[in-house]
Amino acid sequence: MPQISPSILSADFARLADEAEAVRGSDWLHVDVMDNHFVPNLTLGVPVVESLARATDIPLDCHLMIEDPDRWAPQFVEAGAGSITFHVEAAAAPVRLAREIRAKGARASMALKPGTPIEPYEDLLPELDMLLIMTVEPGFGGQAFLDIMLPKIRRTRELIAKHDLELWLQVDGGVSASTIERCAEAGADVFVAGSAVYGAEDPAEAVRSLRELAAKASADAWWACAH
Ligand code: DX5
Ligand code: ZN
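Describing the overall build of the protein
Helix and strand counts for the protein stand at 9 helices and 8 strands. Computed over the C-alpha atoms, the radius of gyration of the protein is 16 Å, within 12% of the 17 Å expected from 2.2 N^0.38 for a compact globule of 227 residues. If you line up the protein on its principal axes, its C-alpha atoms span 45 × 40 × 30 Å. Per-residue burial for the protein yields a buried fraction of 56% across its 227 residues.

Dropping the structure here:
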């Protein structure tokens, strides 16, 4: 079953507990951490994640768009995140970092910016619980989905099948009712959606309908049939 992770970047930051409640039934809550160095935007840090983890039962999926994730990621696990995504472009030692995140009890995930290929990282995949393929340049919500990322999603799904891995494949950026089916057909199974969920009149209903669209689109896909 596809999973949906609404991004609180598009939520009202003064009412985060209510905004989590508004997407009840989501598999994850996606928390975008930005440091104004790795990306040209600044959002939130460990204390906010700590409070949010106490305020909701939905597990937190922290997407670290920051320099030096090797130093910061463990603190986000301690703050209560269930899954930590670091960018490979920023990590000094991705294997050591993934092992540390797992050892601390969270799921370890690695993200690739649009310009970063998957192929050099084939041997690292068994160290990960999830791989995130960015479908926009990271930094802002509400950007247009990059169709040119679809071949990378497909090639990553092929690598997952080739090595018979239990690796989730997440997409983030411009995912909506009009793009989610393409992502699911190509091989994604975890979908981040910010504006498509929080811009909707009924965010919980938007989550359900996105999940349904993804489920239908992946039902007949080669990679899901092989499962
Ligand atoms: C962008 C963030 C995304 C963002 C997605 O850098 O990583 O998680 O919130 O927003 P939408 O779904 O509006 O593109
Ligand atoms: Zn994100």
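That was the structure; now back to the text.
Quick look at the site of ligand 1
If you check the shell around ligand 1, you find 20 residues, and the closest are Ser7, Gly139, Asp172, Gly194 and Ser195. Within the side chain of Asp32, a nitrogen or oxygen atom sits 2.8 Å from an oxygen atom of ligand 1. Partitioned by chemical class, the residues of the shell around ligand 1 number 8 nonpolar, 10 polar and 2 charged.

Topic: the coordination of the zinc ion (ligand 2)
For the zinc ion (ligand 2), every protein donor is listed as His30 (NE2), Asp32 (OD), His63 (ND1) and Asp172 (OD), and the spread of their distances is 2.1 to 2.3 Å. One can describe the donor arrangement at the zinc ion (ligand 2) as octahedral, given that its 6 donor atoms subtend angles of 72 to 171 degrees at the metal. Taken in chain order, the donor set of the zinc ion (ligand 2) reads H-x1-D-x30-H-x108-D. Remark: His63 occurs in strand β3 (residues 60-65) and His30 occurs in strand β2 (residues 29-34); sequence separation between them is 33 residues. Take His30 and His63: they sit in the same class, and that class is buried.

Digging into the side chain of Gln170
Looking at the secondary structure, you find Gln170 in strand β7 (residues 168-172). If we ignore the near neighbours within four places in the chain, the residues touching Gln170 are Ser5, His30, Asp61, Thr85, Met130, Leu131, Leu132, Ile133, Val190 and Val192.

So, the pairing of strand β6 (residues 130-134)
If a strand is regular, its side chains alternate between the two faces of the sheet. The buried fraction of β6 is high, at 5 of 5 residues. Neither face of β6 is exposed, since Met130, Leu132 and Met134 on one face and Leu131 and Ile133 on the opposite face are all buried. Of the pairings in the sheet, the one linking strand β5 (residues 107-112) to β6 comprises 4 bridges and is parallel in character. Across the sheet, the residue bridging to Leu112 is Ile133, located in β6. Note: β6 against β7, 5 bridges, orientation parallel. Following the sheet pairing, Leu131 is matched in β7 by Leu169. Running through helix α5 (residues 150-162), the crossover from β6 to the neighbouring parallel element β7 is right-handed.

Focus on the environment of Ala81
Here Ala81 is to be found in the loop between α3 (69-78) and β4 (83-87). Filtering out sequence-adjacent residues up to four positions away, Ala81 remains in contact with Leu60, Cys62, Phe76 and Ala106.

Observations concerning the pairing of strand β1 (residues 3-6)
Of the two faces of β1, the one carrying Gln3 and Ser5 and the one carrying Ile4 and Pro6 are both buried. As paired elements, β1 and strand β8 (residues 190-193) share 4 bridges and run parallel to each other. Within the sheet, the bridge partner assigned to Pro6 lies in β8 and is Ala193.

Some thoughts on the nonpolar core
Counting residues in each nonpolar core, the largest one holds 64 residues, and the members touching the most others are Ile84, Leu131 and Phe191. Ignoring anything within four residues of it in the chain, the contact list for Ile84 reads Cys62, Leu64, Ala73, Phe76, Val77, Ile101, Ala106, Arg107, Ala108 and Ser109. In terms of nonpolar packing, the next biggest core, distinct from the first, is built from 5 residues, Met34, Val39, Met65 and Ala90 among them.

A closer look at the sheet that holds β2
Spatially, 8 strands are ordered β1-β8-β7-β6-β5-β4-β3-β2 in an open sheet, and the strand pairing comes out parallel. Sheet topology places β1 and β2 at the edges, where each strand pairs with a single neighbour. Going across the sheet, the axis of each strand differs from the next one's by a mean of 25 degrees, ignoring polarity. Sheet contacts for α5: β5, β6 and β7; angle to β7, the most-contacted strand, approximately 170 degrees.

Cut-off values and rules
Residues numbered from 1 in each chain as written. Chains lettered and ligands numbered in written order. Predicted model: local features only at pLDDT ≥ 70, side-chain atom pairs only at ≥ 80, totals over all residues. Heavy atoms only, no water. Helix = DSSP H or I, 4+ residues; strand = E, 2+ residues; numbered from the N terminus. Rg over C-alpha atoms; globule rule 2.2 N^0.38 Å. Buried < 20%, exposed > 50% of the residue type's maximum accessible area, 1.4 Å probe, protein only. Near = heavy atom within 4 Å. Polar contact = N/O pair within 3.5 Å; in protein donor to acceptor, adjacent residues only side chain to side chain. Nonpolar A, V, L, I, M, F, W, Y, C, P; charged D, E, K, R; others polar. Donors = N, O, S within 2.8 Å, 3.2 Å for Na, K, Ca; no water. Tetrahedral: all angles 85-135°; square planar, octahedral: opposite > 155°, others 65-115°. Contact = heavy atoms within 4.5 Å. Pairing = 2+ DSSP bridges. Right-handed = clockwise from strand over helix to strand, strands pointing away. Core = buried A, V, L, I, M, F, W, Y, C linked by side-chain atoms within 4.5 Å. Axes fitted to C-alpha atoms, helices over the stretch in contact; angles between N-to-C directions.

So far we have only geometry, and geometry alone does not tell us how the molecule works.
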